[in-house]
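Structure assessment
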Amino acid sequence: MSEIISYSLELLIDGTQVSSDDLKKSVASVLGRHVSSIDWRLTQTTSEHFKLSIKGSLKDVDACHERINKEFVNHYSCIRVCDEAGNEIRQQAYPILAHIEQQLRAFINRAMIEVNGFDWWDSITPSLADQRIRDEVQKVEERIGEKSSAIHHPLELTLFEDLIPIVTGSIQYWSTSKPLSAGDLLKILSDCASLEELQEKLAEKTRKISLWDEVFARYFDDVNKWKEITKTLTDSVIPVRNKVMHHRPMQLWELRKLQDAKQAVDTLLASAVAELPEQERTEARQVSEEWLSAWARTLGELVRPILPIVGDIMGPFLKQQEELSRMFTEAALPAITVQDIMQPFLKQQEELSRAFREQILGNAVQRLVESLRDQQEQVGRAARHMAQLAASSTVYVGSTDSIRFHRLTCRYVNRILPENLIRFAGRDEAVGKGYVPCGTCNP
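Residues numbered from 1 in each chain as written. Predicted model: local features only at pLDDT ≥ 70, side-chain atom pairs only at ≥ 80, totals over all residues. Heavy atoms only, no water.

1. Overview of the overall build of the protein
Keep this limit in mind: Secondary structure counts use DSSP, requiring at least four H or I residues in a row for a helix and at least two E residues in a row for a strand, with both numbered from the N terminus. Only protein chains enter the accessibility calculation, which uses a 1.4 Å probe. A residue is then buried if its area is under 20% of the maximum for its type, exposed if over 50%, and partly exposed in between. We call two residues contacting when some pair of their heavy atoms lies within 4.5 Å. Each accessible area value is a Shrake-Rupley result obtained with a 1.4 Å probe; residue values ignore everything except the protein chains displayed when judging cover.
Across its full length, the protein holds 17 helices and 10 strands. By the burial criterion, 42% of the 443 residues in the protein qualify as buried. The long-range share in the protein, meaning contacts at least 24 apart out of those at least 6 apart in sequence, stands at 73%. For the protein, the exposed area adds up to about 25100 Å²; of that, 51% sits on carbon and sulfur atoms.

Okay, here's the thing in structure tokens:
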């Protein structure tokens, strides 16, 4: 007979407003029938707090933990310092969560590749209403680096909670709340010969194109099952995933619900057809093309009014680039210096272009514009500073906040504040004043 493993639960309890006897009675009352099947004790560790220690089987300790959470912590201030049962539950939950995630990702990728081709991510996701999906993926790609992200499909880097919006995403040419201008009405009326045609035109422009209805649902006989799975994933799986990943308290009943969710997901995905019939695949592709066409029209309507603003924003920066190029030429700065100074500025311009290209409007564009203006000032100051250094007899520079000296082309020179800058006419002078060579530019 195998030995039953014991798990510990320990909590520190504020004892400043309760006596030891009263606290023991409260603990015994809360633990109820489990008192006889566990080892528990309450010890006063200091004059200000007690330690409650519980030890027993996984099932008993979990039940005690749940009762304490429901009936005890509302009356006493507690800090959980040991939760071995919770650790075991989370450890059992992790592979189940990983399985659910990978099954969903594999199905989404398979279906989208079949309907939209290998580059479906770049063609479909820009039109999703929630731009955050792409933004979060880009953040992950930047963190793991170019070489690592190159072998990953963006779907693998998508947050778990963003998988559902990809499957259930939809787009409208016009939203039902869109205010119609006189131009909109005149254009529609010019194409309509009757009230019925007008109604049909408006219905077409406000029709939602749904990826689920037109693409993913084609893989299943019972499409209502996906709606049930969506609710399960949203209400049960995602909250549990957050508890597991962030080491938060978790109960056995949540593990059981997670196991049920895994079974439901496996059953649903197992019922999906391996490949769509040719006619179904053709219809799904047509819908996807309609999706992209509607998105292109919508994007055009949104961007057209702000094109003059784009010109007003970019004009000064392009003029600034010309001015900087002239300054660099006159100062005869090395090419590496020009590149170091201009790189952040050019990156900001690329970000602004991406914002308009991918429909990141409103506050996001405003933040980019403000960032560009700050960058413009910084680039201007750096360029003037480097031009002054190049025109003088300065060969090396250092800082009063550092013991290293640098070549003028070193990227660290731009970080030295003007008031901290020290100039050296030669290497001997720098070494003589106690400075050592920079390991990056090797002066």
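2. Description of helix α2 (residues 58–71)
Our working rule: Take the number of residues in a helix, subtract one, and multiply by 1.5 Å to get its expected span.
Compared with an ideal rise of 1.5 Å per residue, which puts 14 residues at 20 Å, α2 spans 20 Å between its outermost C-alpha atoms and is within 8% of the ideal. Contacts from the buried residues of α2 go to β1 (7–14), α1 (20–31), β3 (49–56), β4 (78–83), α3 (84–116) and α12 (252–270).

3. Considerations on α1
For clarity, the threshold we go by: Summarising the geometry, the arc corresponds to the directions from the helix axis toward the C-beta atoms.
Compared with an ideal rise of 1.5 Å per residue, which puts 12 residues at 16 Å, α1 spans 16 Å between its outermost C-alpha atoms and is within 8% of the ideal. Considered for burial, the residues of α1 that qualify are Leu23, Val27, Val30 and Leu31. The buried side chains of α1 occupy one side of the element, clustering within an arc of 95° when seen end-on. Exposed and facing more than 90 degrees away from the buried side of α1 are Asp21, Lys25 and Ser29. Looking at the buried positions of α1, the neighbouring elements they touch are β1, β2 (39–44), β3 and α2. Following α1 by one or two positions, Gly32 has its phi on the positive side, about 55°.

4. Examining the sheet that holds strand β8 (residues 404–407)
Short version of the rule: For two strands to pair, DSSP has to find at least two bridges joining them.
Pairing in this open sheet of 4 strands is mixed, and the strands run β9-β7-β8-β10 from one edge to the other. In this open sheet, the two edge strands, each paired with only one partner strand, are β9 (421–424) and β10 (436–437). Two elements, strand β7 (residues 396–399) and β8, share 3 bridges in a ladder whose sense is antiparallel. Across the sheet, residue Tyr396 finds its bridge partner in β8, namely Arg407.

5. Observations regarding the packing of α3 against helix α11 (residues 224–245)
Counted only if it meets this: Axes, fitted as lines to C-alpha atoms, cover a helix only where it is in contact. Angles between the N-to-C directions of the axes lie from 0 to 180 degrees. Throughout, the term roughly parallel applies to angles under 35 degrees, roughly antiparallel to angles over 145, roughly perpendicular to angles from 65 to 115, and oblique to all others. Crossings are sorted by hand: turned counterclockwise from the far helix by less than a right angle, the near helix makes the crossing left-handed, and turned clockwise it makes it right-handed.
The geometry of α3 relative to α11 is characterised by a closest axis approach of 10 Å and an angle of 135° between their N-to-C directions. The orientation of α3 with respect to α11, classified from their angle, is oblique. In the packing of α3 onto α11, the handedness of the crossing is left-handed. Note on element contacts: α11 touches α3 through Trp226, Leu233, Val237, Val240, Arg241, Lys243, Val244 and Met245, opposite Arg90, Ala93, Tyr94, Leu97, Ile100, Glu101 and Leu104.

6. Re the pairing of β2
Note: β2 against β3, 6 bridges, orientation antiparallel. From the neighbouring strand, Gln44 faces β3, where its bridge partner is Phe50. Counting the residues in the hairpin turn of β2 and β3 gives 4 residues.

7. Observations concerning the environment of Arg281
This is how the line gets drawn: N or O atoms within 3.5 Å of each other form a polar contact, as long as, within protein, one can give a hydrogen and the other can take it, and as long as residues adjacent in sequence are counted only when both atoms are side-chain atoms.
Within the secondary structure layout, Arg281 lies in helix α13 (residues 278–303). A sequence separation of 66 residues divides Arg281 from Val215, and the C-alpha atoms of the two residues are 8.4 Å apart. Leaving out residues up to four positions away in the same chain, Arg281 has contacts with Glu114, Glu275 and Leu276. At 2.5 Å, the side chain of Arg281 and the side chain of Glu278 are in polar contact.

8. Some remarks on the pattern of salt bridges
What counts is decided by this rule: The salt bridge criterion pairs a side-chain nitrogen of Lys or Arg with a carboxyl oxygen of Asp or Glu, the two atoms within 4 Å.
Scanning all chains against the criterion turns up 14 salt bridges. Note that Glu101 and Arg105 form a salt bridge whose closest N and O atoms lie 2.7 Å from each other. You can see Glu101 and its partner Arg105 sitting in helix α3, 4 residues apart, about one turn around the helix. One salt bridge connects Asp235 with Lys231, and the closest N-O pair in it is separated by 2.8 Å. Residue Asp235 and its partner Lys231 are both found in helix α11; the two are separated by 4 residues, about one turn of the helix. Relative accessible area serves as the criterion here: at 44%, Asp235 is assigned to the partly exposed category. Residue classification places Lys231 among the exposed residues on the basis of a relative accessible area of 54%.

9. Remarks on the nonpolar core
Quick reminder of the rule: Only buried residues count toward a nonpolar core, which is a set of Ala, Val, Leu, Ile, Met, Phe, Trp, Tyr and Cys residues joined through side-chain atoms within 4.5 Å.
Core analysis: the largest hydrophobic core is formed by 70 residues, its most contacted members being Ile54, Ile68, Ile100, Ile108, Phe216 and Leu233. For this core, the element with the most residues is α3, which contributes 12 residues. Those residues in contact with Ile68 that sit more than four places away from it in its chain are Leu9, Leu11, Val30, Leu31, Leu52, Ile54 and Val73. Counting 8 residues, the second largest nonpolar core, distinct from the first, contains Leu408, Val413, Leu421 and Cys438.

10. Structural notes on the environment of Arg110
The topology assignment puts Arg110 in helix α3. A C-alpha to C-alpha distance of 9.3 Å links Arg110 and Ala274, two positions 164 residues apart in sequence. In this view, Arg110 contacts Tyr219, Ala272, Val273, Ala274 and Glu275; residues no more than four positions away in its chain are not counted. Reaching out from Arg110, the side chain makes a polar contact with the backbone oxygen of Ala274 at a distance of 2.8 Å.

11. A closer look at the packing of aromatic side chains
Worth spelling out the cut-off: Pairing of aromatic rings covers Phe, Tyr and Trp, the last through its six-membered ring, and needs centres within 6.5 Å; plane angles under 30 degrees mean stacked, over 60 mean edge-to-face, and all others mean tilted.
This structure, assessed with the given rule, holds 8 aromatic pairs. Between Phe107 and Phe220, the ring centres sit 5.4 Å apart and the planes meet at 55°, which makes this aromatic pair tilted. One end of the pair, Phe107, is in helix α3; the other, Phe220, is in the loop between α10 (211–214) and α11, and 113 residues separate them in sequence. For the pair Phe405 and Phe424, a centre-to-centre distance of 6.4 Å together with 75° between the ring planes defines the contact as edge-to-face. With Phe405 in strand β8 and Phe424 in strand β9, the pair connects residues that are 19 residues apart, well separated along the chain.

12. Here's the deal with the sheet that holds β4
Across the sheet, 4 strands lie side by side as β2-β3-β1-β4; this open sheet has antiparallel pairing. Looking at the sheet topology across the chains shown, the edges are occupied by β2 and β4. The average angle at which neighbouring strand axes cross in this sheet is 15°, direction not considered. Contacting β1, β3 and β4, α2 crosses the sheet at an angle of about 145° to β3. Across the face of the sheet, α3 comes into contact with β1 and β4 while running at roughly 60° to β4.

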